[in-house]
Amino acid sequence: MRPPLTPMRSGLWPARRGVGVLGRQLGEAPPRGTAGGPRRPGGRPDAGGARRGCGLLLSTSPTMAASSAAPRRAPPRWSTAREGFIQSGEVHIFGYARSNLSDDGLRERIRGYLKGAPEDLSGFLQLIKYVSGSYDTGEGFEKLNKAISEYEASNKSGSYRRLFYLALPPSVYPSVCKMIRTYCMNPSSHPGWTRVIVEKPFGKDLDSAEELSAQLGELFEEHQLYRIDHYLGKELVQNLLVLRFANRLFLPLWNRDNIDNIQIVFREDFGTEGRGGYFDQYGIIRDIIQNHLLQVFCLVAMEKPVSLKPEHIRDEKVKVLQSVNPIKPEEVVLGQYDGYKDDPTVPDDSNTPTFASVVLRVHNERWEGVPFILKAGKALSSRKAEVRVQFKDVPGDIFRSKKQGRNEFVIRLQPSEAMYMKLTVKKPGLEMATEQSELDLSYGMRYQNVKIPEAYERLILDTIRGDQQHFVRRDELKAAWQIFTPLLHDIDDGKLKPRPYEPGSRGPKEADELSARVGYVQTHGYVWVPPTLA
Ligand code: BG6
């Protein structure tokens, strides 16, 4: 378990509750009325440019990285500071990118994404500096190292901790990491550490990912590398481990004897607006399924780890990934929404799926015969991410409750975080009729005064504390690519084609047919409504 953190009670940032974070990541809208990225009609701000430009940053004490061109990354850091987990004077942030920008220029770019009293914000923004330089020559990195070293020399904490956050295209990871290794490491004569956070995509298939891992592996030890997958920082994803292994209720149920099928679903109600150029090279499987949904899958399907030590947990994740059978083409449905190719950055003959439903089969004692349906799509009718565990029918059902629908345990990751269990109950009244209802733990109701931290906020804090539990290990990444690479190559070679679907729909109808074919029974007439405070 994590050591408790002491909230700061005085200093630069008052520990006040209830202040929200603006945005979590590239692609998220800035607050209303603030200077954010350009918005496309009906879409999110242009995050494509942000993703491309950016930098890395660092500093000392808890050293953090920000980015000139990815200012949406700053809110989690601000929030972390706001809540008092980063102490005044302990952190300094250096933005590094190619653009010519002053310190104030970077601060202004970031300011629009932060909420809070102007005097608090100004204090935070003063911690941010900017250094410009290229990604593959020593000059800029020497300048960066000088700036960091000057700060370290002026800081009396005696602690030298440098955290580099790379929000960059993976093609420049090796050269940037080489520059960091050559020019910017914490000198071995100083106590402290140097850590590097890298963002997906980690390659495009098994070979390219392995090549990237090998290149980074020559420069940094595994304990210095933090491969971030922000889904692992989401509250309800982190809860999966507790839920499964701390509750007697679930232990005997969580297997092929009781569970018919499991769906892990990601839906977005907007397209690839502003990110078409990036997205088209990757597609929905590389963008969402091979990483975010597969990480959730691991936590749902893995065996109980020996302990909560990060290596024990990650060992179990690797094992379950290695137990996944090759994907069958007939258990895949791909889609591309109409209008996707209207984006001028997307080629007219693009074969890239914006929707995919893929059935995974786990070859082990617990899960043999239980389909895991991993489904993700853009430009659909709603936005949500959830895990839906559907139980088998009741044998010898005297109530004929089959028509009400099966028991389901739903873990709603976002929005409106909740867990609910769909049950058949007696309909209140004089008659002995049944209906479907639910046991509902909705976080908004149950934890009214609790602020759920942003995923990045939590993960960056983990990095500072050296906890790799929620980061992807190299062998885990390899096992994940092994599952999807044959399918991805078939798509890249045009052997599998996406089916068109209407934006704002549920995706191709063949996806619902596939779910039904492998056993999912949709409950008609029951809709879960997130409870609201009166
Ligand atoms: C990112 C993907 O990793 O996750 C985006 O690149 C996607 O395409 C985003 O929109 C979704 O994250 P969240 O936290 O909003 O579900």
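Overview of the structure. All values derive from a computational prediction rather than experimental measurement.

### A closer look at the site of the ligand
- Every one of the 14 residues lining the ligand counts as a neighbour, but Tyr-231, Lys-234, Glu-268, Asp-287 and Gln-414 are closest to it.
- The separation between an oxygen atom of the ligand and a polar side-chain atom of Asp-287 is 2.6 Å.
- Within the side chain of His-292, a nitrogen or oxygen atom sits 2.7 Å from an oxygen atom of the ligand.
- Burial of the ligand by the protein amounts to 95% of the accessible area it has alone, namely 400 Å².
- Considering every element that reaches the shell around the ligand, the biggest residue donor is helix 9 (residues 276-301), with three residues.

### Some words on a nonpolar patch on the surface
- A contiguous nonpolar surface patch, about 400 Å² in accessible area, is contributed by Ile-398, Phe-399 and Met-432.
- One can find Ile-398 in the loop between strand 11 (384-391) and strand 12 (408-414).
- Take Ile-398: its relative accessible area is 74%, and that puts it in the exposed class.

### Focus: the nonpolar core
- Judged by nonpolar contacts, the single largest core of 122 residues is most densely connected at Leu-166, Ile-285, Phe-297, Leu-360, Phe-372, Phe-409 and Phe-484.
- By residue number, the principal contributor to this core is helix 9, which donates 15 residues.
- Among residues more than four places away in sequence, those in contact with Phe-297 are Ile-264, Val-320, Leu-321, Val-324, Leu-360, Val-362 and Phe-372.

### Describing the pattern of salt bridges
- Overall, the coordinates contain 32 salt bridges when judged by the stated rule.
- Put simply, Arg-406 and Asp-260 hold a salt bridge, and the shortest N to O gap is 3.4 Å. Highlighted residues: Arg-406 in the loop between strand 11 and strand 12 and Asp-260 in strand 7 (residues 259-267), separated in sequence by 146 residues.
- Under the relative-accessibility criterion, Asp-260 is labelled buried at 16%.
- Put simply, Glu-331 and Arg-361 hold a salt bridge, and the shortest N to O gap is 2.8 Å. You can see Glu-331 sitting in the loop between helix 10 (310-322) and strand 8 (332-337) and its partner Arg-361 sitting in strand 9 (residues 355-361), a full 30 residues away along the chain.
- Here the salt bridges share partners, and the residues they tie into one network are Lys-200, Glu-268, Arg-275, Asp-287 and Lys-378.

### Details of the packing of helix 10 against helix 13 (residues 474-492)
- Taken N-terminus to C-terminus, the directions of helix 10 and helix 13 make an angle of 15°; their axes are 9 Å apart at the nearest point. Between helix 10 and helix 13, the interaxial angle falls into the category roughly parallel. You can see that helix 10 and helix 13 cross each other, and the crossing is left-handed. Where helix 10 approaches helix 13, its residues Arg-314, Lys-317, Val-318, Leu-321 and Gln-322 are matched on the opposing element by Asp-475, Glu-476, Ala-479, Ala-480 and Ile-483.
- Classifying every residue of the contact of helix 10 with helix 13 by side-chain character gives five nonpolar, one polar and four charged.

### Quick notes on the sheet that holds strand 5 (residues 192-199)
- One open sheet holds the three strands; their spatial order is 4-5-6, and the pairing between them is parallel. Unpaired on one side and paired on the other, strand 4 (160-166) and strand 6 (225-228) mark the two borders of the sheet. Between one strand and the next, the sheet's axes are offset by a mean angle of 20°, whatever the strand orientation.
- Across four bridges, strand 5 lies against strand 6 in parallel orientation. Of the residues in strand 6, the one forming a bridge with Glu-199 is Ile-228.

### Things to note about unusual backbone geometry
- Here the residue pair Lys-200 and Pro-201 is connected by a cis peptide bond, since its omega of 0° sits within 30 degrees of zero.
- As for its placement among the helices and strands, Pro-201 is situated in the loop between strand 5 and helix 7 (206-219).
- Cis peptide bonds are those with omega within 30 degrees of zero, and the linkage from Gln-414 to Pro-415 qualifies with -20°.
- Along the chain, Pro-415 turns up in the loop between strand 12 and strand 13 (418-426).
- The phi dihedral of Ala-379 is positive, around 55°, even though this residue is not glycine.
- With respect to the helices, strands and loops of the structure, Ala-379 is situated in the loop between strand 10 (371-377) and strand 11.
- Residue classification places Ala-379 among the buried residues on the basis of a relative accessible area of 6%.

### Examining the packing of helix 6 (residues 173-184) against helix 7
- As a packed pair, helix 6 and helix 7 sit with axes 9 Å apart at the nearest point and diverge in direction by 5°. As the angle between them shows, helix 6 and helix 7 are arranged roughly parallel. Together, Tyr-173, Pro-174, Cys-177, Lys-178 and Arg-181 of helix 6 and Leu-212, Gln-215, Leu-216 and Leu-219 of helix 7 make up the contact between the two elements.

The rules behind these values
Residues numbered from 1 in each chain as written. Predicted model: local features only at pLDDT ≥ 70, side-chain atom pairs only at ≥ 80, totals over all residues. Heavy atoms only, no water. Near = heavy atom within 4 Å. Polar contact = N/O pair within 3.5 Å; in protein donor to acceptor, adjacent residues only side chain to side chain. Areas by Shrake-Rupley, 256 points an atom, 1.4 Å probe, with all protein chains shown as cover. Helix = DSSP H or I, 4+ residues; strand = E, 2+ residues; numbered from the N terminus. Patch = residues over 30% accessible without salt bridge, like charges linked within 9 Å, V, L, I, M, F, W, Y side chains within 5 Å. Salt bridge = Lys/Arg side-chain N within 4 Å of Asp/Glu carboxyl O. Buried < 20%, exposed > 50% of the residue type's maximum accessible area, 1.4 Å probe, protein only. Core = buried A, V, L, I, M, F, W, Y, C linked by side-chain atoms within 4.5 Å. Contact = heavy atoms within 4.5 Å. Axes fitted to C-alpha atoms, helices over the stretch in contact; angles between N-to-C directions. Parallel < 35°, antiparallel > 145°, perpendicular 65-115°, else oblique. Left-handed = near helix turned anticlockwise from the far one by under 90°. Nonpolar A, V, L, I, M, F, W, Y, C, P; charged D, E, K, R; others polar. Pairing = 2+ DSSP bridges.

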